[in-house]
Amino acid sequence: MSNAYDVLRGHHDVLRGLGSRFKAAPVGSAGRQEILDELLHEFTIHMRIEDDIYYPALAEASRLIAIAHAEHRQIYDQLAVALRTPAGSPHHVDEWNCFITVLEAHADEEERDLVPPPAPVDLTDAELENLGQRMLAEMARQRNSKWERLHVKARTALLKAF
Ligand SMILES: [Fe+2]
Ligand SMILES: [Fe+2]
């Protein structure tokens, strides 16, 4: 099952699952932090496979791609807001819930508008298989890379600091 659409829908479900578990975990618990670390890692992988592999293959749907890129930026902006809201703040949980909400809303819209994309984009079965394979390979590479994990941590620290 490495059709690009299946890969993306499947990974959206991974993100949705982590989002639900994160929201259900007791605020301030070690478990909640572990789920968040996993969520941010998978989320970073997801943005990369879309920005670098899937969206470029849909170049003809340029208006929708521009919207999708803008939504990715909004998600990162909300992540930065949540990271900068101290654990003691009354807004802490709300800002994290908002991050999960914009992430889920984007995944929903993407499945509606871009998976599959509208005409004139016309991907053949072979192209979809090839795209799916490339995305799976990149996901595996990033999941197994210590460097990529450090990169996510560093990026998180950076977003927190500014
Ligand atoms: Fe996306
Ligand atoms: Fe997505």
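None of these values were measured; they are calculated from a predicted model. (Residues numbered from 1 in each chain as written. Chains lettered and ligands numbered in written order. Predicted model: local features only at pLDDT ≥ 70, side-chain atom pairs only at ≥ 80, totals over all residues.)

## Describing the environment of E95
Okay, so step 1: Inspection of the secondary structure assignment puts E95 in helix α4 (residues 92–113).
Okay, so step 2: Owing to 17 C-beta atoms within 10 Å, E95 belongs among the partly exposed residues under this scheme.
Okay, so step 3: Between the C-alpha atom of E95 and that of L83, which follows or precedes it by twelve residues, the distance is 8.6 Å.
Okay, so step 4: Those residues within four positions of E95 in sequence are excluded, and the remaining contacts are V81, A82 and T85. (Helix = DSSP H or I, 4+ residues; strand = E, 2+ residues; numbered from the N terminus. Buried ≥ 20, exposed ≤ 12 C-beta atoms within 10 Å, placed from the backbone. Contact = placed C-beta atoms within 7 Å.)

## Looking at unusual backbone geometry
Okay, so step 1: Going from V115 to P116, the amide bond is cis rather than trans, its omega being 5°.
Okay, so step 2: On the secondary structure map, P116 appears in the loop between α4 and α5 (125–143).

## Side note on helix α3 (residues 62–84)
Okay, so step 1: Relative to the 33 Å expected for 23 residues at 1.5 Å per residue, α3 spans 33 Å between its end C-alpha atoms, a close match to the ideal helical length.
Okay, so step 2: Those residues of α3 not exposed but buried are I65, A68, L79 and A82.
Okay, so step 3: Each element contacted by the buried residues of α3 is listed here: α2 (30–57), α4 and α6 (146–161). (Expected span 1.5 Å × (residues − 1).)

## Remarks on α5
Okay, so step 1: If you check α5, its first and last C-alpha atoms are 27 Å apart, about what 19 residues at 1.5 Å a residue would give, namely 27 Å.
Okay, so step 2: By the burial criterion, the buried members of α5 are L131, G132, M135 and Q142. An end-on view of α5 places all buried positions within 100° of arc, on one side of the element. Away from its buried face, by an angle of more than 90 degrees, α5 presents the exposed residues D125, A126, A140 and R141.
Okay, so step 3: Buried-residue contacts for α5 involve α1 (4–24), α2 and α6. (Arc of directions from axis to C-beta.)

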